[in-house]
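Single-letter residue listing:
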Amino acid sequence: MADLLPVGDALARIIDGKDALPEEWVPLDQADGRVLARDLAARRTQPPGDVSAMDGYAVRVADLPGILHVVGESAAGRPFAGSIPAGGAVRIFTGAQVPEGADSVVMQEDAHRDGSAVRITATSTPGRHIRPMGLDFSEGIVGLRAGTRLNPRSLSLAAAMNHGELPVHRRPRVAILSTGDELVEPGCEPGPSQIVSSNATGLAAFVRREGGEPIPLGIVADRIDDTLAAVRQARAAGADVLVTSGGASVGEYDLIRDVIAREGAALGFWRIAMRPGKPLMMSDLGPMRLLGLPGNPVASFVCATIFLGPLLRRLSGRSDWQWKTEAATLGAAVRANDFRADFLRAKLSGNGQALIATAFAIQDSSMIRVLADSDALIMRAPFAPEAPAGSACEIIRLAD
Ligand SMILES: Nc1nc2c(c(=O)[nH]1)N[C@H]1C(S)=C(S)[C@@H](COP(=O)(O)OP(=O)(O)OC[C@H]3O[C@@H](n4cnc5c(N)ncnc54)[C@H](O)[C@@H]3O)O[C@H]1N2
Ligand code: MOO
């Protein structure tokens, strides 16, 4: 089957020419999951001065041990104004600026206060319980790199670096169209030969998790005019990507190729050496990249994982756009593979370091329940020989 494109070539074609979408500025509280468009430098030094790491007394090590005179107080945001004289101490709290003259902080558990005096029986060392200025970061250092997907931790850092708004890439807009005469929306009363459309639901959630904005276009029947109208709707909505599901194969009702032709576009490719997902197709309708996913639910989802995810991450500006593989051990034997790269739905188990991936016995690409139960895809290269349980394999983890 020489006309089937290898998976790696298909991925290269799908991301080809697609770089990060333009930058926009968003407030911090809307930036979770967005991708930084520029390196982000600290706009201040943290901590801005030497501060105490404990509640206790700021002292001079040279005076210890001894009975010291408490000359004032330094609290976070309300520093002691003067400097500590010889034999003096300042009551200090966590995060408060260490007064001039002090070179150590003694925890209050190790000090005995008596009126304006404090008795400290042990000695200390210079710098003890003091966080030096700039311990966390100094003004001007790059704390977060362009291409980073923001998460709760990096957002805290952006805030601490004193950024109220962040430059992020625009989210990819992804139109999602289901095709098929037999399809009805979930939650209605299907007739006996109807099928509940499930692909669009999973695809929309997938798109959101990959940082995109789904544009749901619903279901169209297998009629060229209806399909064409929906594709034009996606173009008019300014979608960056149109994902169709179904109508990708060779039957008389498989219309996506006809629609591409009617739009005057060329078919980038059609049919790849992959199972599930053989009839995948790609085309560019102006700036909108069309990914024609197969209708079989598992094929649709696996193609989304392998191709749509990387495309969306590229458009979002992520530097980690490629899917990650992990080494695992087969929990059950797998058969010799044919000319199509196989992505076997599998369950992960294992204790400690050994990750065990066990392929489901039935791998039919219509089986949504198996997909829902899967934790990972076992990757099998074209013509990989049969492999017994216990052999090494490569997996792609499916997101929770
Ligand atoms: N003669 C051949 N027949 C088929 C081939 C082939 O090479 N030669 N390839 C097979 C493979 S592999 C796949 S995958 C499917 C893909 O077909 P289509 O993309 O045209 O999909 P449909 O025929 O429209 O639907 C297939 C199947 O999936 C169900 N479906 C479709 N859309 C949805 C949806 N949104 N939600 C849930 N289920 C959906 C549909 O009812 C069908 O059962 O072609 C093979 N045939
Ligand atoms: O891609 Mo098809 O789903 O191999 O079954």
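Residues numbered from 1 in each chain as written. Chains lettered and ligands numbered in written order. Predicted model: local features only at pLDDT ≥ 70, side-chain atom pairs only at ≥ 80, totals over all residues. Heavy atoms only, no water.

A. Region of interest: the packing of helix H3 (residues 199-209) against helix H6 (residues 297-316). One way to put it is that H3 packs onto H6 with a least axis distance of 10 Å and a crossing angle of 20°. As the angle between them shows, H3 and H6 are arranged roughly parallel. The handedness of the crossing between H3 and H6 comes out as right-handed. Contacts from Asn199, Leu203, Phe206 and Val207 in H3 reach Pro297, Ser300, Phe301, Ala304, Thr305, Leu308, Gly309 and Leu312 in H6. For the contact of H3 with H6, the per-class residue count stands at 8 nonpolar, 4 polar and no charged. (Axes fitted to C-alpha atoms, helices over the stretch in contact; angles between N-to-C directions. Helix = DSSP H or I, 4+ residues; strand = E, 2+ residues; numbered from the N terminus. Parallel < 35°, antiparallel > 145°, perpendicular 65-115°, else oblique. Left-handed = near helix turned anticlockwise from the far one by under 90°. Contact = heavy atoms within 4.5 Å. Nonpolar A, V, L, I, M, F, W, Y, C, P; charged D, E, K, R; others polar.)

B. Structural view of the site of ligand 2. What surrounds ligand 2 is the set Pro276, Gly277, Lys278, Pro279, Asn296, Ala299, Arg340 and Ser365. Lys278 has a polar backbone atom sitting 3.1 Å from an oxygen atom of ligand 2. Here an oxygen atom of ligand 2 and a side-chain polar atom of Ser365 are 2.6 Å apart. Looking at the shell around ligand 2, its residues break down into 3 nonpolar, 3 polar and 2 charged. (Near = heavy atom within 4 Å. Polar contact = N/O pair within 3.5 Å; in protein donor to acceptor, adjacent residues only side chain to side chain.)

C. Focus on the domain arrangement of the protein. As assigned here, the protein comprises domain 1 (7-21 + 170-316), domain 2 (27-46 + 144-169), domain 3 (51-131) and domain 4 (326-397). Computed over C-alpha atoms only, the centres of domain 1 and domain 3 are separated by 66 Å. (Domains from an automatic or database assignment.)

D. Spatial organisation of the packing of aromatic side chains. What the rule picks out here adds up to 1 aromatic pair. Both rings, one in Phe206 and one in Phe301, keep their centres 5.9 Å apart while their planes meet at 80°; by these two values the pair is edge-to-face. Here Phe301 lies in helix H6 and Phe206 lies in helix H3, a separation of 95 residues in the sequence. Owing to a relative accessible area of 11%, Phe206 belongs among the buried residues under this scheme. What makes Phe301 partly exposed here is its relative accessible area of 22%. When the ring centre of Trp270 is taken as origin, the NZ or CZ atom of Arg257, which lies over that ring, is 3.9 Å away. One cation-aromatic arrangement involves Arg314 over Trp321; the distance from NZ or CZ to the ring centre is 5.0 Å. (Phe/Tyr/Trp six-rings, centres within 6.5 Å; stacked < 30°, edge-to-face > 60°. Buried < 20%, exposed > 50% of the residue type's maximum accessible area, 1.4 Å probe, protein only. Lys NZ or Arg CZ within 6 Å of the ring centre and 35° of its normal.)

E. Quick look at the environment of Met107. By the element assignment, Met107 lies in strand E7 (residues 104-107). Taking the C-alpha atoms as reference, Met107 lies 77 Å from Asp258; in sequence the two are 151 residues apart. What Met107 contacts, discounting residues up to four positions off in sequence, is Met54, Asp55, Gly56 and His129.

F. Representation of the pattern of salt bridges in the model. Scanning the model with the defined rule gives 20 salt bridges in all. Taking the shortest distance from any N to any O, the salt bridge between Arg38 and Glu23 comes out at 2.8 Å. Taken together, the residues Arg38 in the loop between strand E1 (23-27) and strand E2 (40-41) and Glu23 in strand E1 connect sequence positions 15 residues apart. Accessibility expressed as a relative area gives 42% for Arg38, which makes it partly exposed. The residue Arg262 makes a salt bridge to Asp225 at a minimum N-O spacing of 3.4 Å. Taken together, the residues span a long stretch of sequence, with Arg262 in helix H5 (residues 256-262) and Asp225 in helix H4 (residues 224-236) at a distance of 37 residues. What makes Arg262 partly exposed here is its relative accessible area of 47%. (Salt bridge = Lys/Arg side-chain N within 4 Å of Asp/Glu carboxyl O.)

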